[in-house]
Amino acid sequence: MKAVEVKELTKRYGTLEAVKGISLSVEKGEIFGLLGPNGAGKTTTINILCTLQKATSGEAWVNGFPVARQRDEVRRSIGLVFQDPSLDDYLTAYENMSFHAWCYGVPGGVRRERIRMLLEMVQLWERRNDQVKTFSGGMKRRLEIARGLLHYPAVLFLDEPTLGLDPQTRRRIWEYIMELREQEGLTIVMTTHYMDEAEPCHRIAVIDEGRIVALDSPEGLKRRLGGDVVILETDDNQGVALELERRYSLAAELRDGSLRFTVDRGSQFIPELMRSLGQGIRSINLRRPTLDDVFLSLTGHDIRDEKPDSRAEIRAHFRQRGGPRR
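Keep in mind that this is a model prediction, so the values were computed, not measured.

Considerations on the pattern of salt bridges
Stage number 1. Evaluation of the coordinates by the stated rule reveals 23 salt bridges.
Stage number 2. Note that Asp130 and Arg127 form a salt bridge whose closest N and O atoms lie 2.3 Å from each other.
Stage number 3. Given the relative accessible area of 27%, Asp130 is considered partly exposed.
Stage number 4. Across the pair Arg170 and Asp196 runs a salt bridge, and its minimum N-O distance is 2.7 Å. Of this pair, Arg170 sits in helix α6 (residues 167-184) while Asp196 sits in helix α7 (residues 195-198), placing them 26 residues apart in sequence.
Stage number 5. The buried category is assigned to Arg170, whose relative accessible area is 10%.
Stage number 6. Because the salt bridges share partners, they merge into one network encompassing Arg170, Asp196 and Glu197.

A word on the sheet that holds strand β7 (residues 155-159)
Stage number 1. The strand order across the open sheet formed by 6 strands is β6-β7-β8-β3-β9-β10, and the pairing between neighbours is mixed. Taken across any chain shown, the strands that pair with only one partner, and hence form the sheet edges, are β6 (78-81) and β10 (211-216). Neighbour-to-neighbour, the strand axes of this sheet turn through a mean angle of 15 degrees, independent of strand direction.
Stage number 2. Pairing of β7 with strand β8 (residues 187-192), which is carried by 5 bridges, proceeds in the parallel orientation. The residue of β8 that forms the bridge with Val155 is Thr187.

Details of the packing of aromatic side chains
Stage number 1. What the rule picks out here adds up to 4 aromatic pairs.
Stage number 2. Here the aromatic rings of Tyr94 and Trp125 are separated by 6.4 Å at their centres, their planes lie at 65 degrees, and the arrangement is edge-to-face. Of this pair, Tyr94 sits in helix α3 (residues 93-103) while Trp125 sits in the loop between α4 (108-121) and α5 (137-148), and the two are 31 residues apart along the sequence.
Stage number 3. According to the relative accessible area criterion, Tyr94 is partly exposed, its value standing at 23%.
Stage number 4. An aromatic cluster is defined as three or more aromatic residues linked by ring pairs; in this entry it consists of Tyr248, Phe261 and Phe269.
Stage number 5. When the ring centre of Tyr13 is taken as origin, the NZ or CZ atom of Lys11, which lies over that ring, is 5.4 Å away.
Stage number 6. The cationic tip of Arg114 hangs over the ring face of Tyr152; the distance from NZ or CZ to the ring centre is 3.8 Å.

Thoughts on α6
Stage number 1. Counted at 1.5 Å a residue, the expected span for α6 with its 18 residues is 26 Å, and the 26 Å between its end C-alpha atoms agrees.
Stage number 2. Burial in α6 covers these residues: Arg170, Ile173, Trp174, Tyr176, Ile177, Leu180 and Arg181. Seen end-on, α6 carries its buried residues on one side only, within an arc spanning 155 degrees. Every exposed residue of α6 that faces more than 90 degrees away from the buried side is listed here: Gln168, Arg171 and Glu182.
Stage number 3. Residues of α6 that are buried make contact with β3 (31-35), α4, α5, β7, β8 and α7.
Stage number 4. Residue Asp166 occupies the N-cap position of α6, its side-chain oxygen lying 3.1 Å from the main-chain nitrogen of Gln168.

The rules behind each value
Residues numbered from 1 in each chain as written. Predicted model: local features only at pLDDT ≥ 70, side-chain atom pairs only at ≥ 80, totals over all residues. Heavy atoms only, no water. Salt bridge = Lys/Arg side-chain N within 4 Å of Asp/Glu carboxyl O. Buried < 20%, exposed > 50% of the residue type's maximum accessible area, 1.4 Å probe, protein only. Helix = DSSP H or I, 4+ residues; strand = E, 2+ residues; numbered from the N terminus. Pairing = 2+ DSSP bridges. Axes fitted to C-alpha atoms, helices over the stretch in contact; angles between N-to-C directions. Phe/Tyr/Trp six-rings, centres within 6.5 Å; stacked < 30°, edge-to-face > 60°. Lys NZ or Arg CZ within 6 Å of the ring centre and 35° of its normal. Expected span 1.5 Å × (residues − 1). Arc of directions from axis to C-beta. Contact = heavy atoms within 4.5 Å. Polar contact = N/O pair within 3.5 Å; in protein donor to acceptor, adjacent residues only side chain to side chain.

In structure tokens:
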């Protein structure tokens with residue numbers, strides 16, 4: 001049995017189709033990433049899998065339970081860390097955890113032991129009696145992750161878990177997540193538009209404009225580019241691009257004032273390039289492909305290019321309908 005299985009999932013908001021026939025599966029124990037810009041359909045997909053929204057069409061199963069028909073069973077078997085904070089700032093860390101445990105029916109004796117273990121693991125036990133409003137953003141995220149694991153979920157959903165945090169705090173949060181995964185034996189399904197967060201995933205579904213445009217391991221996605229990335233700054237980008245195509249059948253893209261292309265064995269190609277096109281080359285850079293390069297190659301735009309109009313249309317749809325349907 002798969003931890004998550006999705007077949008032809010679609011979600012429409014009025015005339016806007018936010019999720020367009022997505023199909024995927026997640027193995028037990030896997031770290032699975034949904035990678036894409038804001039507005040690409042990642043959060044909508046997570047919300048459907050977590051029973052917070054209903055799909056327009058298609059089917060989904062989580063831990064073997066059909067999402068549309070066994071919502072309570074799905075909810076009991078998952079943990080969820082929302083993109084936006086969902087803690088009660090006026091309760092203490094311990095009270096937030098205790099209330100969550102009560103909601104999920106965690107027995108009293110187990111509850112106290114479990115809360116202590118998780119708060120110690122995320123280094124918040126000493127702050128257990130402090131109101132959450134006194135916590136930093138990183139501390140709140142750690143508490144939300146601990147809370148999401150309190151009822152022994154089989155799958156933990158993380159929707160942009162480090163959004164808005166500084167790089168050092170983001171890195172520490174992921175250290176906690178990986179430590180918790182090892183101890184709990186979790187399946188993790190996460191959304192992100194941070195490329196470095198997607199690197200530890202076993203597999204990544206690249207999502208753009210509501211569609212999965214590629215699904216593979218991080219290394220498998222990088223291999224699709226077919227070589228090393230070369231970045232040139234020249235006196236005549238257009239002329240050099242035409243020469244690269246004529247001489248070497250290389251398609252160079254102009255981006256941020258530089259030409260970039262991929263080529264096999266880049267370190268051997270550069271000396272030949274300098275001999276033939278050395279005049280007018282100001283600088284040359286060679287590196288291995290990154291997930292940024294993969295996303296750009298697959299979609300034609302940068303992952304930081306959001307879709308604000310789509311998100312505004314979704315919000316307008318909810319205002320007209322009186323909020324998302326549960």
